[in-house]
Amino acid sequence: MGKYNYRDKYGRLDESIDNVAFFSALSATAYDQRTRSVYTRTNPAKSHGVIDLKRNSGVTKNVFSGGIHTGSIVTEASANYNYLHMIGSGMDSTIWNKNINAYGEGSVWQNSLYFYDMTVRHISQPLYRTGYIFVGCTIYSDLSGTKHSCKLYAKTSTNGGNSFINVPDAVLSNTNLDLFDHCKVTILSSDVSGYRNNFVAFNDCELKIGAETEYKALNGNTEEELRADFVARCEAQSITVPNVTDMGETMKQGKWIFSKNSCVDGLVKKDSALHNYEKRHLVYFGYSFDRCDAIGITSDKSKSASFSPVYANSSLAITDGSIALASNIDVSQAVAGECATNIIWLGGKYQLNKLDIIHNLPIDQGVLIDSTPSLSSVEVNKDGGIVPYSNGVHRAYIVRSKDNQEAKVKYNGVTYSSAVISRNNIFNGVAGVTSFVPETSNAIVYEVLDKVLHSTVQMRIVNKIPSGVIASGSLQAGYWYFVEPKLVSDASGSVTYNGITYPAYSSFVAEAGKSTFTLTGNVQLRRCWKDLYNEADTDATDKAFWQNEQKPKWFDVLPNDLRCLMSLNNAQQAEMQRDKAGNYIASGHPDFYNSVLAMSGNPGELAFPIKGAFMQLRLKITTQNPI
């Protein structure tokens, strides 16, 4: 398998003009400011420890891999203003645990530190002649600085357009387009009058209004019912609620919207009450402009577009609203939990823009959602197994232990330890040194394949399914069947199979020895694909149909970059491009970014958005991942 590369595009980066360096949590190459230009995609600097960026001037941009970044950054504005940009690989992918040591000389020089597209777990914030800007970040503490398009899990200042989530003591401020999701919010009389012209959204919140002593949810379910209860509670506290007119609509506190079940972790659901308000008033609330379709997590296998226990292995426990490692799992051991959705109908052929995988897995313990390995599965031979530095590329290696004790090896005269806390567990191959010496009998060494630490999920997506409508007869074991309404405008009706009633748009896999079904109402049954689809299978069912179509093959993809390569580099082709082994190439494949970036020297491949009509998702939750 080839090596993974950094993304071809980062939203705040233009590599043709920017002074940029790349950093990785799995690199062993120490950073030296004097040779900044050598820290490229193929030779990133290590991100842990102290990164000395002192005496920068102008704009410098730094791209960080996924994983946890510890230590500190030292920077100083001395001869000019210093604009230092830290660009992550995405929320919940890049985890910032680094301190900041910033200095400014003279009377006017100023540091401006920008953080983009990452989760900020911990950061020290010296404020002397230093300002902070956070964009597209997940933040868990009260940080100083400007914040836009962020997910905020603590009471903190806001500049508008952020989502506050599960905050136990939230307050309002004089900003626009903030969203409070499942928060406890104090609302004062001065807020009602002073912020009446500010757009503010509340979803499933508990409010404490005026002199009320407890947080309480609003009564009602609809926008109108919830607004009426808000007004009544305000008036009970002698708070006058003004009429506000916007877009021809006059309502009490009309630029505030109260809703239930309209969000998923600070992201507005498509066609929810909150989304409908946005469409009427031409606004967007919260950290993202994307409007989502929620994929369910349920114990009910008949629910459409959802994960359920029947399509998961024994390492996972799935209950309503939760996917978790099973109670008997020891995360210190190698485990691979796996679960898949049933078939998701996309309402026609649609382009996918983003998958928002919300989780609270213990990343610090190496537990991740990731379907692709960061390390080679083959142990490196101590005698001659190390590949030295060549063609400007360092091959990196990581020390692991065969048991729960510290392991050590000596390479090129230096001892490396498996202990993560010491952050001395990774080394580069150097010219002329192809062997290492185990200093403890439990030492094992693996090559690092993914210095970027991409976190991937799997999907399979097709443009169409076999056209035949199944009204009667026997079902074929091992195949997926989709319950299709005869008319999109009338989704009444259901299919009963094996004692379970499946409504329109749901799906199931037929079991051996259970081939009969009954139809009720305005639905029909469609055969989709074999659950264990394999092109080499001798089963002739639908083989001719799939010959020239996008096939129901699983492939790896980054949730925040849903692009692929197309056959013949042409969007008009039916199928994605394949690698030599026949696997589809999308953003989670090691060839994808290397091809788009033309790393081979040949003209770069074009990247196309992933499109389709019927889809399944699969999550792999694995342990012992490098961090």
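Scroll up a little and you will see the structure.
Definitions and cut-offs
- Residues numbered from 1 in each chain as written.
- Predicted model: local features only at pLDDT ≥ 70, side-chain atom pairs only at ≥ 80, totals over all residues.
- Heavy atoms only, no water.
- Pairing = 2+ DSSP bridges.
- Helix = DSSP H or I, 4+ residues; strand = E, 2+ residues; numbered from the N terminus.
- Core = buried A, V, L, I, M, F, W, Y, C linked by side-chain atoms within 4.5 Å.
- Buried < 20%, exposed > 50% of the residue type's maximum accessible area, 1.4 Å probe, protein only.
- Contact = heavy atoms within 4.5 Å.
- Axes fitted to C-alpha atoms, helices over the stretch in contact; angles between N-to-C directions.
- Phe/Tyr/Trp six-rings, centres within 6.5 Å; stacked < 30°, edge-to-face > 60°.
- Lys NZ or Arg CZ within 6 Å of the ring centre and 35° of its normal.
- Arc of directions from axis to C-beta.
- Expected span 1.5 Å × (residues − 1).

(A) A look at the sheet that holds strand β44 (residues 523–530). If you trace the four strands from one edge of the open sheet to the other, you get β38-β44-β39-β42, paired in antiparallel fashion. The sheet is open, and its two edges are formed by β38 (469–470) and β42 (507–509), each paired on a single side. Where β38 and β44 come together, two bridges link them in antiparallel fashion. Within β44, the position partnered with Val469 by the bridge is Arg526.

(B) Up close: the nonpolar core. By size, the foremost hydrophobic cluster in this structure holds 50 residues, and its most contacted members are Phe115, Phe202 and Phe230. Of the residues forming this core, the biggest block, four residues, is contributed by helix α2 (residues 223–236). If we ignore the near neighbours within four places in the chain, the residues touching Phe202 are Leu172, Phe180, Val185, Ile187, Leu207, Trp256, Ile257, Phe258 and Ser259. With 30 residues, the next largest nonpolar core counts Ile344, Leu361, Met459 and Ile610 among its residues.

(C) Broad picture of the sheet that holds strand β40 (residues 494–497). Strands sit in the order β41-β40-β43 across an open sheet of three strands; the sheet is antiparallel. Of all strands in the sheet, those bounded by a partner on one side alone are β41 (500–503) and β43 (517–520). On average, each strand axis in the sheet is inclined to that of its neighbour by 20°, with strand direction left out of account. Where β40 meets β41, four bridges bridge the pair, whose relative direction is antiparallel. When the bridges of β41 are listed, Val495 appears paired with Tyr502.

(D) Molecular detail of the packing of aromatic side chains. Going through the model one piece at a time under the given rule, you end up with 32 aromatic pairs. On the basis of an interplanar angle of 70° and a centroid distance of 6.4 Å, the ring pair of Tyr533 and Trp546 is categorised as edge-to-face. In this pair, Tyr533 is assigned in the loop between β44 and α4 (543–546) and Trp546 in helix α4, connecting sequence segments 13 residues apart. Residue class for Trp546 comes out buried when judged on its relative accessible area of 4%. Taken together, the ring pairs in this structure connect Phe23, Tyr31, Tyr39, Phe64, Trp96, Phe115 and Phe134 into an aromatic cluster. Seen from the ring of Tyr10, Arg7 lies directly overhead, with NZ or CZ sitting 5.8 Å from the centre. Over the ring of Trp554 we find Arg618, and its NZ or CZ is 4.1 Å from the ring centre.

(E) Examining helix α3 (residues 273–281) more closely. Considered for burial, the residues of α3 that qualify are Leu274, His275, Tyr277, Glu278 and His281. On an axial view of α3, the arc spanned by its buried residues comes to 155°, and they lie on one face. Once α3 finishes, Leu282 follows within two positions and takes phi at roughly 55°, a positive value.

(F) A look at the pairing of strand β48 (residues 611–622). Counting buried residues in β48 gives ten out of twelve residues, a clear majority hidden from the surface. Of the pairings in the sheet, the one linking strand β28 (residues 336–341) to β48 comprises five bridges and is antiparallel in character. From the neighbouring strand, Ala336 faces β48, where its bridge partner is Thr622. One ladder, built from four bridges, connects strand β29 (residues 344–351) with β48; its direction is antiparallel. Opposite Ile344, over in β48, you have Met615 as the bridge partner. Here strand β37 (residues 457–462) pairs with β48 via five bridges, running antiparallel. Paired with Arg460 across the bridge in β48 is Gln616.

(G) Inspection of α2 at higher detail. The end-to-end C-alpha distance of α2, which contains 14 residues, comes to 20 Å, matching closely the 20 Å that a straight helix rising 1.5 Å per residue would cover. Along α2, the positions that sit buried rather than exposed are Glu223, Leu226, Arg227, Asp229, Phe230, Val231, Arg233 and Cys234. Within two residues after α2, Ser238 carries a phi angle of roughly 60°, on the positive side.

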